[in-house]
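Next come the chains, spelled out residue by residue.
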Amino acid sequence: MKLGDRKPKVEKMFGLMDEFLKNDSISLQKDILDHVEFTVARSRFSFDDFEAYQALAHSVRDRLIERWHDTHQYFKKKDPKRIYFLSLEFLMGRSLTNSVTNLGIQDQYADALTQLGFEFEVLAEQEGDAALGNGGLARFAACQMDSLATLDYPAWGYGLRYQYGLFRQIIVDGFQHEQPDFWLNFGNPWEIERVHVSYPVKFYGTVEEEVLNGRKCKIWIPGESVEAVAYDNPIPGYGTRNAINLRLWAAKPSDQYDMESYTTGDYINAIVNRQKAETISNVLYPDDRSYQGKELRLKQQYFFVSASLQDIMRRFKDLHRSFDEFPEKVALQINDTHPSISIAEVMRVLVDEEHLDWSKAWDIACRIFSVTIHAVQPEGLEKIPVDLLGSVLPRHLEIIYEINYRLMEELKKSFGQDYDKLSRMSIIEEGAVKSIRMANLSLACCHTVNGVSRVHLETLKTRVFKDFYALWPQKFQCKTNGVTQRRWIVVSNPSLCSIISKWLGTEAWIRNVDLIAGLREYAKDPDLHTEWKNMKRVNKMRLAEYIETLTSVKVSLDAMFDVQIKRIHEYKRQLLNMLGIIHRYDCIKNMDESDKRRVVPRVCIIGGKAAPGYEVAKKIIKLCHAVADKVNNDPDVGDLLKVVFIPDYNVSVAELVIPGSDLSQHLSTAGHEASGTGCMKFLMNGCLLLATADGSAVEIAEEIGAENMFLFGAKVDEVPALREKGTTLKGSLQFARVVRMVRDGYFGFKDYFKSLCDIVEDGGDFYLLGYDFASYLEAQAAADRAFVDQEKWTQMSILSTAGSGKFSSDRTIEEYAQQSWGIEPCKCPF
Ligand code: F58
């Protein structure tokens, strides 16, 4: 009997399955034990915490799959316009607690585990992070997936299933070392391998011309084929049955690969060559710029784009005959310029394979694509050398040339023979290395170009894409970033979650975060203050224990926990923070005992990874450790100042650190941080912000009132003029003094730190540390004064949380849905 002849006995099957999996405590216990026995293959009388976590995760996964199936059946039936979110990076972190929270069965699981003699929180700690991304861009993609599912949008995420995620950071003698992230070694219960969902992705080869039905056509004869296999990751929404899909592609050797070697008897080499195919999805590139122009990077981009588009088009063709309807059913979002080769791929498929004429294909492409730019500087925008693109994707290069030719013709109509302008706007950059500007390709095609904060959009309009803005102002939109309150309050700060729900008298804010503004009414209520302070203290206690375990440094809970956690980068100015700490240390050293009594004790916590090839960033990490060594062991200082570097910062570390912070620092030189999303997580958790007027901090000040945060430093529009002044612009005497301490070897490693000192003194101080130092110290002093008055501080903290509603990714997603994608919710009714 052939497969197609078989008739499933639907009635029988229904009879054998419960309608839905049951979530009462006994059923959950039974499920967990079943998974211990049959999935993890351990005896239910003998299994450890990790095995218990695995079994627990599998039982949650079953429940996710159930909803995920229902959602997809429903989407299929309704056939709404879908949003496909293409991103080379997703920083998902852990899934267990987030999943049970969104499924609404956290209490039931906690109870079931207690009955079995386990603790949910302990098992949750067993899970490693899925770190398939570098930083803000990738974590924002994860927050967007959560909001898309929660708001019932018919969405799919597409990305790459890297075998190795972002490197692990270990610290040896204060220096960063990188180790591979073997995140899949113990299996990944959150993904579903779809061996039957796979597509061939082609590379290299030549382009030939052919005549088809009297029309000249281009045919790409590829030289290599690699199979893309789907791994699906269900993403549950909160307070809905909807669970959407994040489909990540892994590279596998193609079945047809290198048949010639087999037939010529070179069996071993044929096998070895097959394995090479898998390298495409092996490793995530760290944020390094070193990947620019790397062949593997381009192959990764095209690999996931081609597989995703084949998948999207297959789904479309299942229900539709003509591509005329494609823009009514499909919206494609490209997350930064990394997936923008998809524009050339859509054109290739429509023109070469579907035989649409060029202008019709281009019209379709222009109606489906929108892009979000996450960089500020033009250098942050990807370029691909023409020679490289021509070798790996020869047909795509031709298509890009054709797009550019037509773009130039159109531009000439507006700008005449202004060749300077034309060359700036061209997709092709002439120069020592002739390259494709992927951003210009995106701008030429996308109907919407999104900035991630108002300040950022302004920069895009007035500097980075000035010429394009003059031509197509309507394309440029602001979609200020947001983060999901589910992960950043409900999951990571359950005590705060309970307080908010209690005082608002509802949990509705978890789906409708605007309601959180209702807390303002109680900002001075002494009872709320007591609960708020207790919550903060318990979170600080948890963080203090973590710090002691990792670094052996004991910290006082009465101190202000002052945190800067983010990627280490010159523009983020961790060095400014360090120089500020040195100044504080120097002041304490020069105080008599009575003055010391007035000092507000601080624990300065810093965490973040430096890109492996980024020498300056690595030196800053070493400086943190050198200063910490000196300060933490100085009996003159005691609990007045402690400095802690938290190694291997990642999403789950952030979940622990943020709720336990009093103050957080966001110090980017104005105009350099596109948005920043860390600040939004701190804000939600009632942590006060010390920040420059950059990125989203400007909008945060509008929401909570500038008087409720500590703003400092040069403004965006002052920075260019300050830079003009160049080396004549010296910092204060205080600045000179602290730099001198580093230079003179007060913290050791004199020669090693020399170049750091040179950068801020002799090297032009591009990031304006010297200029901003005095105002930074003033802001720090204002934070100290505010902390002394604990009632005032608590009020500011409550007002921060109360004003955080705008910074939910739910608001961001609603704006994308309405202004860019034109999609409607599609809620699974079961
Ligand atoms: C970040 N970009 C921005 N890029 O720096 C930050 O201001 C913004 O809030 C965030 O995006 C979300 O919009 C960012 O994270 C990367 O990590 C790139 C990944 C690929 C290599 C180059 C860096």
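Residues numbered from 1 in each chain as written. Predicted model: local features only at pLDDT ≥ 70, side-chain atom pairs only at ≥ 80, totals over all residues.

Focus: the overall build of the protein chain
Rules: Runs of H or I in DSSP of at least four residues are treated as helices and runs of E of at least two as strands, each being numbered from the N terminus. In this treatment the radius of gyration is a C-alpha quantity, and the globule benchmark scales as 2.2 Å times the residue count to the 0.38 power. Exposed residues have 12 or fewer other C-beta atoms within 10 Å of their own C-beta, buried residues have 20 or more, and residues in between are partly exposed; the C-beta atoms are placed from the backbone.
Of regular secondary structure, the protein chain possesses 34 helices and 24 strands. Over its C-alpha atoms the protein chain spans a radius of gyration of 28 Å, differing by no more than 12% from the 28 Å that the globule rule assigns to 830 residues. Per-residue burial over the protein chain gives 48% buried out of 830 residues.

Examining the domain arrangement of the protein chain
Rules: Annotation comment: domain bounds sourced from an automatic or database domain assignment. Any two residues are considered in contact once their C-beta atoms, placed from the backbone, lie within 7 Å. Each residue gets one of three labels, nonpolar for Ala, Val, Leu, Ile, Met, Phe, Trp, Tyr, Cys and Pro, charged for Asp, Glu, Lys and Arg, and polar for the others, Gly among them.
Taken domain by domain, the protein chain holds domain 1 (17-78 + 96-128), domain 2 (79-94 + 129-480 + 817-821) and domain 3 (536-788). Measuring from the centre of the C-alpha atoms in domain 1 to the corresponding centre in domain 2 gives 34 Å. Counting from both sides, the interface comprises 21 residues of domain 1 and, opposite them, 18 residues of domain 2. Broken down by secondary-structure element, the contributors of at least two residues to the side of domain 1 that touches domain 2 are helix H3 (49-78) and helix H4 (96-103). Of the residues in the side of domain 1 that touches domain 2, the class split is seven nonpolar, eight polar and six charged.

Digging into the sheet that holds strand S20 (residues 602-607)
What counts is decided by this rule: Strands pair, by our definition, only if DSSP identifies at least two bridges between them. Axes, fitted as lines to C-alpha atoms, cover a helix only where it is in contact. Angles between the N-to-C directions of the axes lie from 0 to 180 degrees.
As summarised here, the arrangement of the six strands in space is S21-S20-S19-S22-S23-S24, forming an open sheet in which the pairing is parallel. The sheet is open, and its two borders are formed by strand S21 (641-646) and strand S24 (710-712), each paired with just one other strand. Strand-to-strand twist across the sheet, computed as the mean angle between neighbouring axes with direction ignored, equals 15 degrees. Where S20 lies against S21, six bridges are found, and the strand directions are parallel.

Some remarks on the site of the ligand
Under the convention used in this document: To decide whether a residue is near a molecule or strand, its C-beta atom is placed from the backbone and checked for lying within 6 Å of it.
Taken together, 16 residues lie around the ligand, and Gly-136, Leu-137, His-374, Ala-674 and Ser-675 are the ones closest in. For the shell around the ligand, the per-class residue count stands at four nonpolar, nine polar and three charged. Looking at the shell around the ligand, you find at least three residues from each of domain 2 (79-94 + 129-480 + 817-821) and domain 3 (536-788).

Here's the deal with helix H2 (residues 25-38)
In plain terms, the rule: Multiplying one less than the number of residues by 1.5 Å gives the expected span of a helix. This arc is built from the directions going out from the helix axis to the C-beta atoms.
The end-to-end C-alpha distance of H2, which contains 14 residues, comes to 20 Å, matching closely the 20 Å that a straight helix rising 1.5 Å per residue would cover. For H2, the complete set of buried residues consists of Leu-28, Asp-31, Ile-32, His-35 and Val-36. Seen end-on, H2 carries its buried residues on one side only, within an arc spanning 140 degrees. Residues of H2 that are exposed and angled more than 90 degrees away from the buried face: Ile-26 and Phe-38.

Here's the deal with the environment of Gly-676
Tracing the sequence through the fold places Gly-676 in the loop between strand S22 (663-666) and helix H27 (678-684). By C-beta crowding, Gly-676 is classed as buried, having 24 other C-beta atoms within 10 Å. Separated by 18 residues in the primary sequence, Gly-676 and Asp-694 have C-alpha atoms spaced 8.7 Å apart. The residues contacting Gly-676, other than those within four sequence positions of it, are His-666, Gly-695, Ser-696 and Ala-697.

What to know about the nonpolar core
To keep things clear, this is the line we draw: Put simply, a nonpolar core is a cluster of buried Ala, Val, Leu, Ile, Met, Phe, Trp, Tyr and Cys residues tied together by C-beta atoms within 7 Å.
Counting residues in each nonpolar core, the largest one holds 230 residues, and the members touching the most others are Tyr-84, Phe-303, Met-347, Ala-365, Cys-624, Val-627 and Leu-689. When sequence neighbours within four positions are dropped, the list of residues in contact with Phe-303 reads Val-201, Val-226, Ala-228, Trp-249, Ala-251 and Ile-280.

Structural notes on the pairing of S21
In terms of burial, S21 is largely enclosed, as six of its six residues are buried. Alternating positions in S21 separate into two faces, Leu-641, Val-643 and Phe-645 on one and Lys-642, Val-644 and Ile-646 on the other, with burial throughout.

Some thoughts on the sheet that holds strand S16 (residues 435-437)
Taken together, the three strands give an open sheet; going across it, the order is S14-S16-S15, and neighbouring strands pair in antiparallel fashion. Of all the strands in the sheet, the pair left with one neighbour each is strand S14 (383-385) and strand S15 (428-429). Running at roughly 45 degrees to S16, helix H17 (residues 438-445) makes contact with S14 and S16 of the sheet.

Quick look at unusual backbone geometry
Even without being a glycine, Ala-41 presents a positive backbone phi close to 60 degrees. Structurally, the position occupied by Ala-41 is in the loop between H2 and H3. With 10 C-beta atoms packed within 10 Å, Ala-41 lands in the exposed category. Unlike most non-glycine residues, Asp-79 shows phi in positive territory, near 45 degrees. Take Asp-79: it is sitting in the loop between H3 and strand S1 (82-86).

So, the environment of Glu-761
Note that Glu-761 resides in helix H31 (residues 750-761). Its 19 C-beta neighbours within 10 Å are what place Glu-761 among the partly exposed residues. Each C-alpha atom of the pair Glu-761 and Gln-485 lies 42 Å from the other, and the pair is 276 residues apart in sequence.

As for the packing of H2 against H3
Note the cut-off: The scheme is simple: roughly parallel for angles under 35 degrees, roughly antiparallel for over 145, roughly perpendicular for 65 to 115, oblique for anything else. Take the far helix as your reference; a near helix turned counterclockwise from it by less than a right angle gives a left-handed crossing, and one turned clockwise gives a right-handed crossing.
Where H2 meets H3, the closest approach of the two axes is 8 Å, and the angle between their N-to-C directions is 120 degrees. With respect to H3, the element H2 is oriented oblique. Note that H2 runs across H3; the crossing there is right-handed. Where H2 approaches H3, its residues Leu-28, Asp-31, Ile-32, His-35 and Val-36 are matched on the opposing element by Glu-51, Ala-55, Leu-56, His-58, Ser-59 and Asp-62. Classifying every residue of the contact of H2 with H3 by side-chain character gives five nonpolar, three polar and three charged.

Observations regarding the pairing of strand S6 (residues 175-179)
Where strand S5 (residues 168-172) and S6 come together, five bridges link them in antiparallel fashion. Across the sheet, residue Gln-169 finds its bridge partner in S6, namely Glu-178.

Side note on the packing of helix H12 (residues 341-353) against helix H13 (residues 358-368)
Helix-helix packing is described using two parameters, namely the angle between the two axes and the distance between the axes. Across the interface, H12 lies against H13 with an axial gap of 9 Å and an inter-helix angle of 140 degrees. Our classification of the angle between H12 and H13 gives oblique. Crossing of H12 over H13 shows right-handed handedness. Residues Ile-343, Val-346, Met-347, Leu-350 and Val-351 of H12 touch H13, and the partners they reach there are Trp-358, Ala-361, Trp-362, Ile-364 and Ala-365. Partitioned by chemical class, the residues of the contact of H12 with H13 number ten nonpolar, no polar and no charged.

Observations regarding the environment of Ala-691
In this structure, Ala-691 sits in strand S23 (residues 688-692). Classification of Ala-691 as buried rests on a count of 27 C-beta atoms within 10 Å. Taking the C-alpha atoms as reference points, Ala-691 and Ala-701, ten residues apart in sequence, are found 9.8 Å from one another. Setting aside residues up to four positions removed in sequence, Ala-691 forms contacts with His-666, Cys-679, Ala-697, Met-709 and Leu-711.

What about the confidence of the model for the protein chain?
Basically, it comes down to this: Note on scores: pLDDT gives the predictor's confidence for each residue, bounded by 0 and 100.
Of all residues in the protein chain, 96% have pLDDT values of 70 or greater, and the mean over the chain is 95. Among the prediction metrics, the complex's ipTM stands at 0.99, with pTM recorded as 0.97.

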